[in-house]
Amino acid sequence: MQLSDGFPKGFKYLPGYFSSEEQKELIDTLRHLIKEAPLFTPVMPRTAKPFSVRMSNLGALGWVSDKGGYRYQPLHPESGQAWPDIPEVLLRLWNKVGDCSAAPEACLVNYYAETAKMGMHQDRDEKTFEAPVVSVSLGDTAMFRLGGVKRGGPTQSLKLNSGDVVVLGGESRLCYHGIDRILGGSSSLLKDGGRLNLTLRRISPF
Ligand code: SIN
Ligand code: MN
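Throughout this description, residue numbers start from 1 for each chain and increase along the sequence as written. The order in which chains are written sets their letters, starting at A; the order in which ligands are written sets their numbers, starting at 1. Thresholds applied to this predicted model are a pLDDT of at least 70 for local features of residues and 80 or more for the giving and counting of side-chain atom pairs; totals over whole chains, interfaces and linings are not thresholded and use all residues. Only hydrogens and water are removed before side-chain values are computed, so all heavy atoms of the structure are retained for them.

## Side note on the overall build of the chain
Quick reminder of the rule: Working definition: helices are DSSP H or I runs of at least four residues, strands are E runs of at least two. Numbering for both runs from the N terminus. Radius of gyration means the value over C-alpha atoms here, while the globule rule gives 2.2 Å times the residue count to the 0.38 power. Think of it in three bands: with a 1.4 Å probe and only protein chains considered, a residue is buried below 20% of the maximum accessible area for its type, exposed above 50%, and partly exposed in between.
Of the regular secondary structure elements, the chain holds two helices and twelve strands. Taken from N to C terminus, the helices and strands of the chain fall in the order β-α-β-β-β-α-β-β-β-β-β-β-β-β. Whereas a compact globule of 206 residues would reach a radius of gyration of roughly 17 Å, the chain reaches 16 Å, a difference of no more than 12%. When its C-alpha atoms are laid out on the principal axes, the chain stretches across 45 × 35 × 35 Å. Taken across its 206 residues, the chain has 52% of its residues classed as buried.

This is the structure we're talking about:
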């Protein structure tokens with residue numbers, strides 16, 4: 001099912017895209033990949049205030065934030081190793097829902113403990129906005145806030161449950177979005193609770 005009524009053009013909400021079995025397989029895969037590229041705590045540019053989410057990346061390029069700014073880079077900032085490849089299941093997802101002829105180059109992995117959140121922001125560190133952002137939610141439910149392309153405009157709140165997929169494509173590619181809070185204990189998918197969010201992105205023009 002794809003719900004598009006009341007959403008900005010190009011935004012897709014695909015509830016229950018992944019079955020519980022598929023979610024478990026994806027978590028098994030991610031557990032191995034996160035061992036290779038451990039979660040780290042990014043800090044805000046200039047102020048060095050730590051993010052409440054912990055992050056890792058998969059793919060040729062990974063998004064990082066430190067005192068020097070936000071950027072994509074090929075190496076893990078702590079281990080100095082290349083990021084592991086994006087698993088096939090996520091490449092298939094991109095091909096199915098992304099409406100994009102070029103492959104994703106980055107998959108940001110965000111881990112939200114129960115108290116973590118993410119302020120309203122646009123995804124705009126990429127060199128192209130022709131490709132969508134495809135996002136997968138796993139584990140505890142998140143209260144996702146979606147705005148328009150201008151800061152401070154009207155917003156709507158959407159519950160993202162484990163297995164849901166959203167796509168910020170077309171006119172919605174630069175919509176503001178954030179996570180207001182996590183509903184702790186709403187899923188038993190992750191052994192220690194919390195939520196994993198995966199965002200697939202293309203950085204280079206094509
Ligand atoms: C993000 O904007 O990077 C993450 C959004 C989410 O956690 O759903
Ligand atoms: Mn984002």
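Still more to cover.
## Focus on the coordination of the manganese ion (ligand 2)
Under the convention used in this document: Donor criterion used throughout: N, O or S atom within 2.8 Å of the metal, extended to 3.2 Å for Na, K and Ca. Water excluded; incomplete-looking sites may result.
The coordination sphere of the manganese ion (ligand 2), as far as protein atoms go, consists of H121 (NE2), D123 (OD) and H177 (NE2), spread over 2.2 Å. Counting along the primary sequence, the residues that act as donors to the manganese ion (ligand 2) give the motif H-x1-D-x53-H. One end of the pair, D123, is in the loop between β6 (118-121) and β7 (133-139); the other, H177, is in strand β11 (residues 177-183), and 54 residues separate them in sequence. Residues D123 and H177 agree in their burial class; the two are buried.

## Observations concerning the pattern of salt bridges
Rules: Just to be clear on terms, a salt bridge is a Lys or Arg side-chain nitrogen sitting within 4 Å of an Asp or Glu carboxyl oxygen.
Evaluated as defined, the whole model comprises nine salt bridges. A salt bridge links D28 to R31, with the nearest nitrogen and oxygen atoms 3.0 Å apart. Taken as a pair, D28 and R31 lie in helix α1 (residues 20-36) at a separation of three residues, close to a single helical turn. A salt bridge links D192 to K191, with the nearest nitrogen and oxygen atoms 3.9 Å apart. Summarising the burial analysis for this pair, D192 and K191 share the class exposed. Each of D123, E126, R173 and R201 takes part in one network of salt bridges that share partners.

## Describing α1
The α-helix advances 3.6 residues per turn, and as a result positions three or four apart in sequence lie on the same side. Inclusion rule: By this rule the span expected of a helix is its residue count minus one, scaled by 1.5 Å. Arc definition: it is the arc formed by the directions from the helix axis to the C-beta atoms. Here a residue-residue contact requires only that any non-hydrogen atoms of the pair lie within 4.5 Å.
The end-to-end C-alpha separation of α1 is 25 Å, in line with the 24 Å expected for 17 residues at 1.5 Å each. Of the positions making up α1, those classed as buried are Q23, L26, I27, L30, L33 and I34. The arc that holds the buried residues of α1, viewed along the axis, is 130 degrees, so those residues lie on one side. In this structure, α1 carries E25, H32, K35 and E36 as exposed residues pointing more than 90 degrees from its buried face. Buried positions along α1 lie against β2 (54-58), α2 (88-97), β5 (106-112), β7 and β12 (195-201).

## Section: the pairing of strand β10 (residues 165-168)
Each regular strand displays side chains that alternate between the two surfaces of the sheet. Spelled out, the test is: For two strands to pair, DSSP has to find at least two bridges joining them.
The side-chain alternation of β10 yields two buried faces, one formed by V165 and V167 and the other by V166 and L168. In this sheet, β10 lies alongside strand β1 (residues 11-14) in antiparallel orientation, the contact comprising four bridges. Counted as the bridge partner of Y13 is V166 from β10. Judged from the four bridges that link them, β7 and β10 form a sheet pairing that is antiparallel. Bridge pairing links V133 to L168 in β10.

## Digging into the sheet that holds strand β8 (residues 141-146)
Applied cut-off: All axes are obtained by fitting lines to C-alpha atoms, using only the stretch in contact for helices, and the reported angles, taken between N-to-C directions, cover 0 to 180 degrees.
Taken in spatial order, the four strands line up as β6-β11-β8-β9 in an open sheet, and their pairing is antiparallel. The outermost strands of the open sheet, each flanked by one partner alone, are β6 and β9 (156-160). Taken pair by pair, the neighbouring strands of this sheet meet at an average axis angle of 25 degrees, ignoring direction. Two elements, β8 and β11, share six bridges in a ladder whose sense is antiparallel. Bridged to A142 within β11 is I182.

## Points about the nonpolar core
To keep it simple, the criterion reads: What is meant by a nonpolar core is a set of buried Ala, Val, Leu, Ile, Met, Phe, Trp, Tyr and Cys residues, joined one to another through side-chain atoms within 4.5 Å.
Counting residues in each nonpolar core, the largest one holds 30 residues, and the members touching the most others are L90, L93, V136, L138, L196 and L198. F7, M118, A142 and C175 belong to the second largest nonpolar core, which has 29 residues in total.

## Some points on the environment of K9
By the element assignment, K9 lies in the segment before β1. Each C-alpha atom of the pair K9 and F129 lies 15 Å from the other, and the pair is 120 residues apart in sequence. Every residue in contact with K9, bar those within four places of it in the chain, is listed here: G169, E171 and S172.

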